[in-house]
Number of protein chains: 2
Amino acid sequence: MSTTVAKALTLLDQFSEDTPEVGLSDLARRTGLDKATVHRMMSVLADAGLVEQRGAARLYRLGPGVLRLARVREKSFPVTAIFQPALDSLASKTGETAHASLISGRALATIDVCESNRSSRVSLVAGEVLPFHTTASGMAALAFAYPELRERTLSSSLSAKTAHTVTDVKLLRQRLEEVAASGFAESDQGNEEDVYGIAVPVFYADGFASGSIAVATPAHRMTPDLRQTIICALIREAEKVTFNVGGTVPASYRNAAARSLASFAKMPG
Amino acid sequence: MSTTVAKALTLLDQFSEDTPEVGLSDLARRTGLDKATVHRMMSVLADAGLVEQRGAARLYRLGPGVLRLARVREKSFPVTAIFQPALDSLASKTGETAHASLISGRALATIDVCESNRSSRVSLVAGEVLPFHTTASGMAALAFAYPELRERTLSSSLSAKTAHTVTDVKLLRQRLEEVAASGFAESDQGNEEDVYGIAVPVFYADGFASGSIAVATPAHRMTPDLRQTIICALIREAEKVTFNVGGTVPASYRNAAARSLASFAKMPG
DNA sequence: CTTCCGTGGTTCATTATTATCACCGGCGGT
DNA sequence: ACCGCCGGTGATAATAATGAACCACGGAAG
């Protein structure tokens, strides 16, 4: 984080679907950078087309440049187009909100969402950069990601987002091992109050996780039955998605997932 | 261009649909930066998720971060979703390839394309950052853009891309005045050999151009009839698009477009 | 097998860039 | 008129970027 470009790029992280437009002072406050610094950096970002300044309020917002970049990536390596149908299927099967996230540098980026059509549903604020350790999506991805990323994450600052957030490194490591053994991750209100998340990893061609797909439900609604339905659906969809993006399911995960599915089959109901 | 962030951002411009993956030395060569510098910058960009390095070849490609950013922008300010149907309509009406570009900092970013279904058609390399002065899209946008952008562009280095490219500032200024008077821009092989482009501007709420929509045809196929068809269709579609993005058509353009349409009506055929 | 050239990646002293702070003009509420 | 906050600016002190040299590797050619 000491390099100037890194600081400049944190400015981009300040924009989300919640706050698509941000002012200069606000950016400075959020990032802890000096106003002048932010101003100069934003001018540069605007020059590159990554942000633009429109309207009388002089607020900044993301610029057309990001559309171009996304287009280039999606054209040469389509993923959102592959994830979306899987999420639609998940949402209709489970009746809950499904979303997909990709490992994006040292964090997790939510790239696709399909909200359920229930009256009471989890409506997630997509577009935010999510930490690994507070979300089921993050834990699922991290458990099967490059070991170096796992270590770097565990040895970074792990802030709590709710009263339920696990921040203890030893406990997190244990949780990751459980995820690795079961093939799926769960988060009971670790990232947001009243949200229960379940996630499974999706893989790259090299057999390491590229991201994850997840289903989020209101915590009070979670039942063993629903839980089982969600996990089974996730495992099945994830396999398809991994295949469609040209990924390889590693043996470790394949075994873990099979074990979990088998254990459900034995249970009554 | 002297700031380090600007240099780092030029690295992102090296990725296009043509070359979605680039190596380290290649990036250094293209940008004129030192290998070590590029490596450090790419590491930072990768940390932010804007690029990623996959596969044994260690090539860099755009990362999931750009998907997130595009999603955020598109959710709060949908434009590609608005441009696309207009382009589809243009392509079917004219039988030629249509595309939309937005002013992205000090250049033009192509964000949407609809190729015609003809056997011989202009197949454009989208995703590239286009200069203003070589393309019809660029001239259409520039003629109605903020004066400061126009001046800055005209006083920058204007390199030629084909033998037909106009690089003389005085002549370009004259062309821009013609565009302002007629409401549309034409480029006869100024950006690419054998490509004839016609474009009209699209506007922001403040009455300045946000970008343009254009139709590109093989130069040899262009006829007065086709030209008229294209221009009329463009003007009509552009008005709709401007309205749909919440933009305002300035009086100057409205008059110019009306004049052009009227002049065609008077003509035989 | 050796040589050569091209990768990607790293190091570190030199140097140029960047952050900081106080300041400015403008706007809106009190 | 005042106050606070906004976006934006400029000179100086402090920091971060630079780039040549270097390493290890891999493939092609001699």
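Quick caveat: nothing in here was measured; it's all calculated off a predicted structure.

**Q** A description of a negative patch on the surface should follow, citing residues and the corresponding values.
**A** On the surface, Asp-18, Glu-128, Glu-192, Glu-193 and Asp-194 of chain A cluster together to form a negatively charged patch. When its relative accessible area of 36% is taken as the criterion, Asp-194 of chain A is described as partly exposed.

**Q** Run through the UniProt feature "domain: HTH iclR-type" (unreviewed entry) in chain A, naming residues and quoting values.
**A** When the UniProt feature table is mapped onto this chain numbering, "domain: HTH iclR-type" (unreviewed entry) sits at residues 2-64 of chain A. In residues 2-64 of chain A, helix accounts for 51% and strand for 16%; the two terminal C-alpha atoms are 28 Å from one another.

**Q** Describe the protein's contact with DNA strand D, listing the residues and the values that go with them.
**A** Surveying the vicinity of DNA strand D reveals 20 residues, the closest of which are Ser-25, Arg-29 and His-39 of chain A together with Thr-37 and Arg-40 of chain B. Per the 4 Å cut-off to the protein, sugar and phosphate atoms form 71% of the nearby atoms of DNA strand D. Between DNA strand D and the protein, one listed contact pairs a phosphate oxygen with a side-chain N or O atom of Ser-25 of chain A at 2.3 Å. Arg-40 of chain B is positioned such that a nitrogen or oxygen atom in its side chain is 3.5 Å from a phosphate oxygen of DNA strand D. The set of elements that each furnish at least two residues to the surface near DNA strand D consists of helix 2 (24-31) and helix 3 (35-47) of chain A together with helix 1 (4-12) and helix 3 (35-47) of chain B.

**Q** Go over the environment of Ala-251 of chain A, please, and point to the residues and values.
**A** Looking at the element boundaries, Ala-251 of chain A is found in helix 10 (residues 251-266). Taking the C-alpha atoms as reference points, Ala-251 of chain A and Gly-207 of chain A, separated by 44 residues in sequence, lie 8.8 Å from one another.

**Q** Any chance you could break down the side chain of His-133 of chain A for me, citing the residues and the numbers?
**A** Residue position: His-133 of chain A is located in the loop between strand 6 (129-130) and helix 6 (136-143). Among the polar contacts made by the side chain of His-133 of chain A, one reaches the main-chain carbonyl oxygen of Ser-159 of chain A at a distance of 2.8 Å.

**Q** Any chance you could break down helix 7 (residues 147-154) of chain A for me, citing the residues and the numbers?
**A** Residue and element names in this part refer to chain A. If you check which residues of helix 7 are buried, you get Leu-149, Arg-150, Thr-153 and Leu-154. One face of helix 7 carries all of its buried residues, which in axial projection span an arc of 125 degrees. If you follow the buried residues of helix 7, they end up packed against strand 4 (97-104), helix 6 and helix 8 (169-182).

**Q** Talk me through the domain arrangement of chain A; I want residue IDs and the actual numbers.
**A** Residues and elements named next belong to chain A. Domain annotation of chain A identifies domain 1 (4-67) and domain 2 (77-266). Computed over C-alpha atoms only, the centres of domain 1 and domain 2 are separated by 30 Å. Domain 1 puts 5 residues into the contact, and the matching count from domain 2 is 5 residues. Interface area for domain 1 against domain 2, summed over the two sides, is near 340 Å², with a carbon-plus-sulfur share of 55%. Three residues stand out in domain 1 for area buried against domain 2, namely Ser-16, Glu-17 and Asp-18, and they jointly supply 77% of the buried area on that side. If you look at where domain 1 meets domain 2, you find 0 salt bridges. Connecting domain 1 to domain 2 are 0 residue pairs in polar contact (both at pLDDT 80 or more). For the side of domain 1 that touches domain 2, the residue count by class is 1 nonpolar, 1 polar and 3 charged.

**Q** Any chance you could break down the relation of the copies chain B and chain A for me, citing the residues and the numbers?
**A** Once turned by 180 degrees and shifted 0.0 Å along the axis, chain B lies on chain A with an RMSD of 0.0 Å. Viewed as a symmetry operation, the transformation between the two copies matches a two-fold axis. Taking C-alpha positions as the reference, the residue of chain B nearest the rotation axis is Val-5 of chain B, at 2.6 Å. Both copies present the same face, since 100% of the interface residues in chain B are matched by interface residues at the equivalent positions in chain A.

**Q** Requested: an account of the interface of chain B and chain A, with residues and values cited.
**A** Each side of the interface is counted separately: chain B has 59 residues, and chain A has 60 residues. Note on chain B versus chain A: buried area summed over both sides is about 4800 Å², and carbon and sulfur give 63% of it. Scanning the region where chain B abuts chain A turns up 12 salt bridges. Between Glu-52 of chain A and Arg-73 of chain B there is a salt bridge, with its nearest N and O atoms 2.6 Å apart. Counting residues per element, the ones that place at least two in the side of chain B that touches chain A are helix 1, helix 3, strand 2 (51-54), strand 3 (59-62), helix 4 (64-76), strand 4 (97-104) and strand 5 (107-114) of chain B. When residues in the side of chain B that touches chain A are grouped by element, the largest group, 13 residues, is from helix 4 of chain B.

**Q** Explain the protein's contact with DNA strand C to me, and be specific about the residues and the numbers.
**A** Among the 19 residues in the neighbourhood of DNA strand C, the closest are listed as Arg-40 of chain A together with Thr-4, Ser-25, Arg-29 and His-39 of chain B. Gln-53 of chain B is positioned with one of its side-chain polar atoms (N or O) 3.1 Å from a phosphate oxygen of DNA strand C. Between DNA strand C and Arg-58 of chain B there is a distance of 3.4 Å, counted from a sugar or linking oxygen to a side-chain nitrogen or oxygen. Where the surface near DNA strand C is concerned, the elements lending two or more residues are helix 1 (4-13) and helix 3 of chain A together with helix 2 (24-31) and helix 3 of chain B. The biggest single contributor to the surface near DNA strand C is helix 3 of chain A, with 4 residues.

Thresholds applied
Residues numbered from 1 in each chain as written. Chains lettered and ligands numbered in written order. Predicted model: local features only at pLDDT ≥ 70, side-chain atom pairs only at ≥ 80, totals over all residues. Heavy atoms only, no water. Patch = residues over 30% accessible without salt bridge, like charges linked within 9 Å, V, L, I, M, F, W, Y side chains within 5 Å. Areas by Shrake-Rupley, 256 points an atom, 1.4 Å probe, with all protein chains shown as cover. Salt bridge = Lys/Arg side-chain N within 4 Å of Asp/Glu carboxyl O. Lys, Arg positive; Asp, Glu negative; His and termini not counted. Charge placed at Lys NZ, Arg CZ, Asp CG, Glu CD. Buried < 20%, exposed > 50% of the residue type's maximum accessible area, 1.4 Å probe, protein only. UniProt positions renumbered as here; feature names shortened; annotations may be inferred. Helix = DSSP H or I, 4+ residues; strand = E, 2+ residues; numbered from the N terminus. Near = heavy atom within 4 Å. Polar contact = N/O pair within 3.5 Å; in protein donor to acceptor, adjacent residues only side chain to side chain. Arc of directions from axis to C-beta. Contact = heavy atoms within 4.5 Å. Domains from an automatic or database assignment. Buried area = accessible area lost by both parts, 1.4 Å probe. Nonpolar A, V, L, I, M, F, W, Y, C, P; charged D, E, K, R; others polar. Least-squares fit on C-alpha atoms with pLDDT ≥ 70 in both.

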